[in-house]
Amino acid sequence: DMAEWADRNGFTTVNFGEHHVSDTGYCPSPLIACGAVAGRTRRIRMRPNILIAPLYDPIKLAEDTAVLSLASGGRFDLAIGGGYRDVESRMFGKDPKARWKDWGEIATLLLTAWTGEPFGYQGRTLRVLPKPDPRPQLTMGGSTPAAARRAARLSDGFALPFDHALWQPFREECLALGKPDPGPPQPLGPVFLWVAEDVEAAWQMLTPHILSQIAEYGKFTTEAYGEAAGPYAGVVDAVAVRQNPAYRVVTPDEAVEMAQGIGPSGLLLFNPLMGGIPPHEAWRMLRLLESKVMPRLP
């Protein structure tokens, strides 16, 4: 329903993450979710961001994404990553140590398979049909300079990093390869943005859900790196949440000011159901966005 609302109101993209072995019921099937959106929308693009590619059979992934691209009228894109949680790899019987290699090979395979032409793979000749036309845009995610450079070599782009420092190695590698200059990183709003008339009341409602999300991602990153990372590091209580620039609750006037500040090429992200936010609260926010913010933007 919310994707259909976003489609009517000129949003550009709806993203779906992917995680497994999650106590909160994190969406494990972004391709299915994108298919549901395709059936209810006409203009908005849809994208798993980020699909954990090494968990999939690569040939079946090429087939499923080709069909999804055609079924959506060419509005499907794909951002892939290698994953970072060993428990997810083990759930699917995959070797966690092989995910870096598998991730790169899957990117190359998808771009080859989507041509619809025969190709060699593991000693056999394959052909994946139907051919998506146009094919999905393939981007690669990652949290290291090496991942950024690999994205430049093997895909159409680097899935938008919140750490702008990672954009520079991606851009440098594109130029070294003779590819078009991707330019500077896209200006971004906060990781989580909420619009409310009564900011204090909104914070009171949202804080338990934000803390739930921080706790879950903190657990994920601690599993992988030994400590919480990114915007989920160091935030442990309600006071700190309000001080973290990744999470913003603003009035309609402040939202307009924020949009104007990041400029016409900037990106505002909305996650209205994050951490189990009640749908009726999410709809209240979206209606306010529709009535008091969007009419004042280009």
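Below is a summary of the structure that appears in this document. (Residues numbered from 1 in each chain as written. Predicted model: local features only at pLDDT ≥ 70, side-chain atom pairs only at ≥ 80, totals over all residues. Heavy atoms only, no water.)

1. Topic: the packing of helix H6 (residues 145-154) against helix H7 (residues 167-176)
One can describe the packing of H6 onto H7 by two numbers: an axis separation of 8 Å at closest approach and a directional angle of 35°. Seen from above, H6 lies across H7 with right-handed handedness. On the side of H6, the interface is formed by Pro145, Ala148, Arg149, Ala151, Ala152 and Arg153, while H7 contributes Pro169, Phe170, Glu173 and Cys174. (Axes fitted to C-alpha atoms, helices over the stretch in contact; angles between N-to-C directions. Helix = DSSP H or I, 4+ residues; strand = E, 2+ residues; numbered from the N terminus. Left-handed = near helix turned anticlockwise from the far one by under 90°. Contact = heavy atoms within 4.5 Å.)

2. Brief notes about helix H2 (residues 30-40)
Taken together, the buried positions of H2 are Pro30, Leu31, Ala33, Cys34, Val37 and Ala38. Buried residues of H2, viewed axially, fall in a sector of 155°; they line one side. Of the exposed residues in H2, those oriented more than 90 degrees away from the buried face are Ile32 and Gly39. On its buried face, H2 sits against helix H1 (2-8), strand E1 (13-16), strand E2 (45-48), strand E3 (51-52) and helix H3 (58-71). (Buried < 20%, exposed > 50% of the residue type's maximum accessible area, 1.4 Å probe, protein only. Arc of directions from axis to C-beta.)

3. Regarding unusual backbone geometry
The residue after Leu129, namely Pro130, is reached through a cis peptide bond having omega 5°. Among the secondary structure elements, Pro130 is positioned in the loop between strand E6 (124-126) and strand E7 (138-140). A cis amide bond links Asp133 with the next residue in sequence, Pro134, at an omega value of 5°. Position of Pro134 relative to the elements: it lies in the loop between E6 and E7. With a phi close to 55°, Val21 is a non-glycine residue in the positive phi region. Following the sequence through the fold, Val21 ends up in the loop between E1 and H2. Among the residues examined, Val21 registers a relative accessible area of 41% and is labelled partly exposed. One non-glycine residue with positive phi stands out, namely Gln122, at about 50°. Taking the relative accessible area as the measure of exposure, Gln122 reaches 61% and is therefore exposed.

4. Points about the pairing of E2
Burial along E2 is one-sided: the face carrying Met46 and Pro48 is buried and the face carrying Arg45 and Arg47 is not. Bridge count between E1 and E2: four bridges; the pairing is parallel. Pairing of Thr13 across the sheet is with Arg45, part of E2. Following the chain from E1 across H2 to the adjacent parallel E2, one finds a crossover that is right-handed. (Pairing = 2+ DSSP bridges. Right-handed = clockwise from strand over helix to strand, strands pointing away.)

5. Some details on helix H10 (residues 252-262)
Within H10, burial applies to Pro252, Ala255, Val256, Met258, Ala259 and Ile262. Take H10 and look down its axis: the buried residues cluster within an arc of 160°, on one side only. Among the exposed residues of H10, those pointing more than 90 degrees away from its buried face are Asp253, Glu257, Gln260 and Gly261. Backbone geometry just after H10 places Gly263 at a positive phi near 85°.

6. Details of the sheet that holds E3
Taken in spatial order, the four strands of this open sheet run E3-E4-E7-E8, and their pairing is parallel. Bordering the open sheet on either side are E3 and strand E8 (157-158), each of which pairs with just one other strand. For E7 and E8, the ladder comprises two bridges, and the chain directions are parallel. For Met140, the partnering residue across the bridge sits in E8 and is Phe158.

7. Some points on the environment of Gly123
Here Gly123 lies in the loop between strand E5 (119-121) and E6. Sequence spacing of Gly123 and Phe170 is 47 residues, and the spatial spacing of their C-alpha atoms is 32 Å.

8. Structural notes on the nonpolar core
Nonpolar side chains in soluble globular proteins tend to be buried together. In this structure, Ile80, Trp194, Leu206 and Ile210 are the most contacted members of the largest nonpolar core, which totals 71 residues. Beyond its immediate stretch of four places on either side in the chain, Ile210 contacts Phe192, Trp203, Val241, Tyr247 and Met274. (Core = buried A, V, L, I, M, F, W, Y, C linked by side-chain atoms within 4.5 Å.)

9. With respect to the side chain of Glu281
Residue position: Glu281 is located in helix H11 (residues 279-292). Not counting residues within four places of it along the chain, the set of residues in contact with Glu281 comprises Trp194 and Met205.

10. Remarks on the pattern of salt bridges
Scanning the entire structure with this criterion turns up 18 salt bridges. Across the salt bridge formed by Arg40 and Asp1, the nearest N and O atoms sit 2.6 Å from each other. Taken together, the residues Arg40 in helix H2 and Asp1 in the segment before H1 connect sequence positions 39 residues apart. In this structure, the salt-bridge partner of Arg242 is Glu200, at a minimum N-O distance of 2.8 Å. With Arg242 in helix H9 (residues 238-243) and Glu200 in helix H8 (residues 199-225), this pair connects stretches of sequence that are 42 residues apart. By relative accessible area, which is 35% here, Arg242 ends up partly exposed. (Salt bridge = Lys/Arg side-chain N within 4 Å of Asp/Glu carboxyl O.)

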